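Breakdown of the fold
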Amino acid sequence: MNRLRLYWHRLLRRPAITGPYRLYVRRIPTGALLDVEHYLTHVLTTIADDEELLALLLEFADERGVQRGHDGHAPEQLLLEQIADAVGYELPVYGGEVTALADRLRALAPERPAVAPIHGQRREGGAAA
């Protein structure tokens, strides 16, 4: 069902940014969702096409599967950092796309609720009345 909703959304909407990776934005009741599937596809393809990165990912998965007591040392974190450094963990947005993305997010932002007056305001330098 979610996949169908995603495709329907993409048919009716243009991406918020188109390059170097398409990014779609969708309103939800509490804010917005950023659809980064195009970037995620790039990351997974990069890992699958690079034997060293794939070996790091498999080693990471093995380390995560090992049952051990928590001693504050997480060897899999180093592997994860190596993978993130190789494929990148930042989504680039260039030129006018920055403004377009900001405008789309601003348009989707939930309205701020009106602030109700607080009864019994604190007096200057004193406790609540």
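Everything numeric here is computed off the predicted structure, so don't read it as measured data. Residue positions within a chain follow its written sequence, with the count starting from 1. pLDDT decides what is reported in this predicted model: residues at 70 or higher carry local features, side-chain atom pairs at 80 or more are listed and counted, and totals for whole chains, interfaces and linings draw on all residues regardless. The side-chain values count all of the structure's non-hydrogen atoms but skip hydrogen atoms and water molecules.

Quick look at the overall build of the protein now. Check the secondary structure of the protein and you find 5 helices and 2 strands. Going along the chain from the N terminus, every DSSP run of H or I of four or more residues is numbered as a helix, and every run of E of two or more is numbered as a strand. Starting at the N terminus, the α and β elements of the protein follow one another as α-β-β-α-α-α-α. Throughout this description, buried means an accessible area under 20% of the type-specific maximum (1.4 Å probe, protein chains only), exposed means over 50%, and partly exposed covers the range between. A total of 129 residues make up the protein; the buried ones form 18% of that total. Working definition of accessibility: Shrake-Rupley area with a 1.4 Å probe, residue cover restricted to the visible protein chains. Of the accessible surface of the protein, which amounts to about 10,300 Å², a share of 56% is contributed by carbon and sulfur atoms.

Attention now moves to the environment of Phe 60. In this structure, Phe 60 sits in helix H3 (residues 51–65). Of the residues examined, Phe 60 reaches a relative accessible area of 15% and is grouped as buried. Separated by 20 residues in the primary sequence, Phe 60 and Leu 80 have C-alpha atoms spaced 6.8 Å apart. Residue contacts are defined here by distance: any two heavy atoms, one from each residue, within 4.5 Å place the two residues in contact. Excluding residues within four positions of it along the chain, Phe 60 makes contact with Glu 76, Leu 79, Leu 80 and Ile 83.

This part is about unusual backbone geometry. Following Gly 19, the chain continues into Pro 20 via a peptide bond in cis, with omega recorded as 0°. Secondary-structure assignment places Pro 20 in the loop between helix H1 (2–12) and strand S1 (24–28).

Our focus in this paragraph is H3. Given a helix with a known number of residues, its expected span is that number minus one, times 1.5 Å. Along its 15 residues, H3 runs 21 Å from first to last C-alpha, staying within 8% of the 21 Å computed at 1.5 Å per residue. Residues of H3 that are buried include every one of Leu 53, Leu 56 and Phe 60, and no others. Each buried residue of H3 sits inside an arc of 55° when the element is viewed along its axis, so together they form one side. Seen from the open side of H3, the exposed residues pointing more than 90 degrees away from its buried face are Glu 51, Leu 58, Asp 62 and Gly 65. In this structure, the buried residues of H3 make contact with helix H2 (37–49) and helix H4 (75–87). Backbone nitrogen of Glu 52 and a side-chain oxygen of the N-cap are separated by 2.9 Å at the start of H3; the cap is Asp 50. Directions are taken from the helix axis to each C-beta atom, and the arc is the one they span. Any pair of nitrogen or oxygen atoms within 3.5 Å is treated as a polar contact; in protein, a donor-acceptor pairing is required on top of that, and neighbouring residues in sequence qualify only through side-chain atoms on both sides.

This brings us to the side chain of Asp 35. Within the element layout of this structure, Asp 35 appears in strand S2 (residues 31–35). At a separation of 3.0 Å, a polar atom in the side chain of Asp 35 contacts the main-chain amide nitrogen of Glu 37.

Another aspect to go through is the nonpolar core. Tyr 21, Tyr 39, Val 43, Ile 47, Leu 53, Leu 56, Phe 60, Leu 79, Ile 83 and Val 87 form the largest nonpolar core, which has 10 residues in total. Definition of nonpolar core: a set of buried residues of the types Ala, Val, Leu, Ile, Met, Phe, Trp, Tyr and Cys, connected through side-chain atoms within 4.5 Å. By size, the runner-up hydrophobic cluster in this structure holds 6 residues, among which are Ile 17, Leu 23, Val 25 and Leu 108.

So, on to a nonpolar patch on the surface. A surface patch of nonpolar side chains, about 220 Å² in accessible area, is lined by Leu 34, Val 36 and Leu 105. Mapped onto the elements, Leu 34 comes out in strand S2. Candidate patch residues must exceed 30% relative accessible area and have no salt bridge, after which like charges are joined if within 9 Å and Val, Leu, Ile, Met, Phe, Trp or Tyr side chains if within 5 Å. Counted as salt bridges are all cases of a side-chain nitrogen of Lys or Arg within 4 Å of a carboxyl oxygen of Asp or Glu.

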